[in-house]
Each structure stands twice: as C-alpha cells, then as structure tokens.
Amino acid sequence: MAGRGRVGPGGVVRRGGAGRGAWPGGMLRWGRALCPLRGGGPRGSPGPGGAPGRPLRTATPLSSDIFRELGQSLGRLGQTLKDQVPVWGGVEGGWTPPGTPPGPRPPEEADVVVVGGGVVGWSVAYWLKALENQRHGMRVLVVERDPTYSQASTVLSVGGIRQQFSLPENIRMSRFSARFLRNINEYLGVPNEPPVDIQFQPSGYLFLAPLQGAATLEATVRLQREEGAQVALLSPTQLKAKFPWIDTEDVAVASYGLEDEGWFDPWTLLHAFRRKATSLGVQSCSGEVRGFVTSAEDTMPPRGPTLATARIKYVHVHMPDSLEYQPVACAIVVNAAGAWAGKLLETAGLPGELCPPLPIQPRKRYVYSWHCPDGPGFSCPLLVDTTGAYFRRDGIAGNYLGGMSPPEEEEPDPGDLSVDHEFFQEQVWPRLARRVPAFASLRPRGAWAGYYDHNAFDRNGVLGPHPKLENLFLAAGFSGHGLQHAPAAGRAVAELVVKGGYESLDLRRLGWGRLVEGEPLEEDGVV
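Draft legend 1. Broad picture of the overall build of the protein. Scanning the protein from terminus to terminus reveals 11 helices and 21 strands. The buried share among the 527 residues of the protein stands at 49%. A separation threshold of at least 6 residues defines the contact pool for the protein, and within that pool the share at least 24 residues apart is 72%. Taken as a whole, the protein presents about 26,200 Å² of accessible surface, with 53% of it coming from carbon and sulfur.

Okay, structure coming up:
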C-alpha cells in the first residue's frame, strides 16, 4: 500500500508508491536513466493505446555512459604520456623512437633526383621548378645526408662574392649571381612569408700582388673589365692613401673591386632557396645515395653486349642510421654532392667503363676569428695577401676572420672537422701581422673548419652532362666559390634539363669534356 514499507533484499526497507524502484541500500540511483519499458507510465496506468504499462524503474547505466567514461580516462592517460614523453620529430624534444628514420621517407619515383641539399643542390631544384613548362609538371626530389648541415660547405664558408676571377666563365657567373642577390626577393620571395634578407655587406675584395705577379694581375683586371666588372688597379702609393693601415713594402700593384663584391649570410641564402623550392612543390628527404641501378644491368642490353652509354634507372637512398634503403625510380639525376661528388660515383656500384674518375675531393679549410680594437675598422675590405692569407672584418666591433690554404704537401686530413690552432699561430698570424702591423696584438676568439669541393684537375666547377651516363648531370667541384656561383650554376643545369641547352650563360667549357680530353681551364683566383 502507498506509504507503507516492506522488507527488501538484505533487510532494507523499500518504500512503495512513487518511490518504488529505489536502489538497494537506500541510495537513490541517478535518475537520468529512467525510461518507460513497454508502456508509458506507472503500473496500472495505460500505455500507448490504453494498454496497461510496466512501472518506471531506475535503470542500470547505459553502455554509452560506460564508453564515455572509458574514453575520458584514456584521454587523461594519453595527455599524461604526452606531457612526459618528448615530442616525436618536434622542435621541443626531437626524440625519435629507435630504428625510426628521421624526416620524410623518399618517394618511390621522381622525375629528377638532386643528390646533395647544399646551396647548389637547392638552387638546381628551385630553377627546375621555376623553368618548368607546366606548373607542378615536374616531380623534383632533393636528397641530403646531413639534415643538420653541421658539416655542410655552404654554412661553414665565409660567405664572400666577388667579380675578380681569371676565367671568363667564372666572372660571368659572379655577375649573374650578383644581379640575382640584388633582386633576391623577386626570385625567392614567398607570399605571406617574411622577405629574404641575406645581410649583404658591400665591400670590395683587395688582391695584392708582388713584383713577379704584377703583370698577371694587370692582365686579369683587363679581362674582368672586358666582362663588365668594375675593378680598379692601385699603385702602392694609391693603396697606402686609401688603406693607411696596410704595410705596402713588397706590394707592386693591387686590384680592388668597386661594386658587386662583399659578403653575406650563407645560411640565409640556403634557407631562402629551400623555402622557395619547397613552396613550388620540391620534395626533400634525409638519406644518403649510395647506389645506382643502370640500364647496363638489363638482361638484354638494347645496343648489344657492350654499351658505350647507359641510363640511371633507380637511385638507392639509404635511410639514416639504418640498413634500410628506398629505391627511387627517376628520369634525371643531378650530382650536386659537393666535396663528395667524386666519392658518390666511386661507391655507387657503376661499371668502370661507364664512369671515368671524377677528380673532386674534400679539402679541409680553417677559418679563424680574432679581435683587434686597433685594426683596420669599418673600411676593411676582404684582403687577399701576396702570401695567400686572407681576412675580412666580422661586424663593426673590432672582430675579424680569415685563414689561408696550406701548401699541397701539407693538406690536413679531411676525415673530420677538427681545427689545427697551431696553423694559425705559426702560419697565418705572422703573415697577417706582417701586412697589418696592428694585428701583432690581436686576440684569437675561435675557429671552425669546413670543406672545399676541390677539383684537383683545374680548381674549377664541373657542370653539365656525364659523358657515359646519359641522364646524369653534374654541378660540383667549384673549389671554394660554389656559394657565390650557386644561383648561376643552378640556373645553368636547370636549362640543360628543361631547355636542352644553355641560354643565360654559355658554360660549355666547364663541362666534363675537358676532363676526358685532358685540357684544364686554370683559375688563378682561388683563395
């Protein structure tokens, strides 16, 4: 009866009437799960159609409630793990699970594979996309084995650009690059991104020549002027008047660049090429190309049992810190591997008759930094001494940097980038102090080492198609001036691929043919 109680299970009083259905133990079960079963109201009340219905009861939790709670618990657990474990591949932690290759994996195929992600390689990639006949029509992949660029020649250079070379092709490339850098945002600017500022410091190169080298320097300046470069010849008296801090005792003549010379930030230029190329659709991956598969390996060669030429069909991209590699099918390969361009071809498993030696090898060069408050000051150019030592100012606070290439018989081991500080004390510093007396009291600040992609044949870049591998192009061997010539070299190789020939600059003499024929193009202006 209503209002009277009866003993339920366990002796608990259950109240009847509207309270029927109370949870055993006297606690009221949460009521949002109340639902009519087979009827619309309490016992005895009519359901739909007037039929008696079953009573409303306090139901057990629905499955949706259970899964909702489970999902919330898992979410809290996931957040806890996310807070405690470094971000995978992110900026904060940089943690990568063991055995997982960092960065994106290479695709299975590409139209052009550029081996080497330095400034030359990214310049080639940019120009390929800039010159392509149909937007997004060419799939370009850049493969770089050192994504940190900790040993890259580009970012470890002193960042100079000059017009003063002895070879016409080098002068023309410098002039092209100077125009490119002057209008860099017209080429490498990306919409809705900050403009490119390479922090260019205009200052001429100053080459000093002794009496026995005076005629050669004067002839070189005539050639530079014929090519349109603005270069002045200075007598010892004029040199002393313009740069009174120089000891001119053994100087017969000097050449000084009047425009389009100076230095800039190498990393900014590399990043600008990469950012623009990526915005145009260029892909990149971390890995090392260690092998090629060529048509010479086909079971039935199309030209008989011996091939005069062949084509690269696949490149094998080995993942960092892994035995795994990805074969990438391709139509064109560009070897822009810098100091390792020669080694790439040696270790790629190519038949000897298809791959004559490429005399490009790494050469280690030191760059030293020092402080001298009484030094040349803001007017300091990039000076190249008669002895081969060079220096330039580094900012405006009395800091300078420089170095010198060692004699051939004293080349340091390129196996690592350790610095020989005794070389500065014994070889570089005495030459600096001899030319600039104020440097006798300089204070060394630091040093680093980088690589030249040294062409042992004639110290000039090798550009253009391989003589045996029909779809392999080369852009390496610049012997220290690859950074400043990267805009021009990249454009030249891209024109060969896209247009079938040079259009902007005629660089045919820098091709592989001179290596095969044994006809070097000597460059006297290598620093």
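Draft legend 2. Here's a closer look at the pattern of salt bridges. Scanning the model with the defined rule gives 22 salt bridges in all. The residue R139 makes a salt bridge to D111 at a minimum N-O spacing of 3.3 Å. Within this pair, whereas R139 is found in the loop between helix 2 (119–131) and strand 4 (140–144), its partner D111 is found in strand 3 (residues 109–115), the two being separated by 28 residues in sequence. By relative accessible area, R139 is classed as partly exposed at 37%. Here D260 makes a salt bridge to R182, at a shortest N to O gap of 2.3 Å. Taken together, the residues D260 in the loop between strand 9 (253–257) and strand 10 (262–263) and R182 in helix 3 (residues 168–182) connect sequence positions 78 residues apart. Salt bridges sharing common partners tie together R363, R365, E408 and E411.

Draft legend 3. Just the layout of surface pockets, in detail. In this structure, the second largest pocket occupies an estimated 710 Å³ of space. Every element with two or more residues in the lining of the second largest pocket is listed here: strand 7 (205–209), helix 5 (214–226), strand 15 (360–371) and strand 19 (443–455). Examining the composition of the lining of the second largest pocket, we find that five residues originate from one element, helix 5, more than from any other. Considering only residue class, the lining of the second largest pocket consists of 14 nonpolar, 14 polar and eight charged.

What counts, and where the lines are drawn
- Per-chain numbering applies: the sequence of each chain, read as written, is numbered from 1 onward.
- At least 70 in pLDDT is required for a residue's local features to be given in this predicted model, at least 80 for side-chain atom pairs to be given and counted, and no such filter applies to totals for whole chains, interfaces and linings, which use all residues.
- The side-chain figures draw on all heavy atoms in the structure; neither hydrogens nor water molecules are used.
- Counting from the N terminus, the helices are the DSSP runs of H or I reaching at least four residues and the strands are the DSSP runs of E reaching at least two.
- To sort residues, take the accessible area from a 1.4 Å probe on protein chains only and compare it with the maximum for the residue type: under 20% means buried, over 50% means exposed, and anything in between is partly exposed.
- Contacts between residues were defined by any pair of non-hydrogen atoms, one from each residue, lying within 4.5 Å.
- For the accessible areas, the method is Shrake-Rupley and the probe is 1.4 Å, while residue cover comes only from the protein chains on display.
- Salt bridge criterion: a side-chain nitrogen from Lys or Arg within 4 Å of a carboxyl oxygen from Asp or Glu.
- Here the term cavity refers to a set of points on a 1 Å grid, laid over the protein atoms alone, in which a 1.4 Å probe fits but cannot get out; the term pocket refers to an open set having protein on both sides within 12 Å along at least five of seven lines, with lining residues being those that place an atom within 4 Å of a point.
- Grid points are joined across faces, edges and corners, and a volume is the space filled by probe spheres set on the points.
- As a working rule, the residues Ala, Val, Leu, Ile, Met, Phe, Trp, Tyr, Cys and Pro are called nonpolar, Asp, Glu, Lys and Arg charged, and the rest polar, with Gly in that last group.

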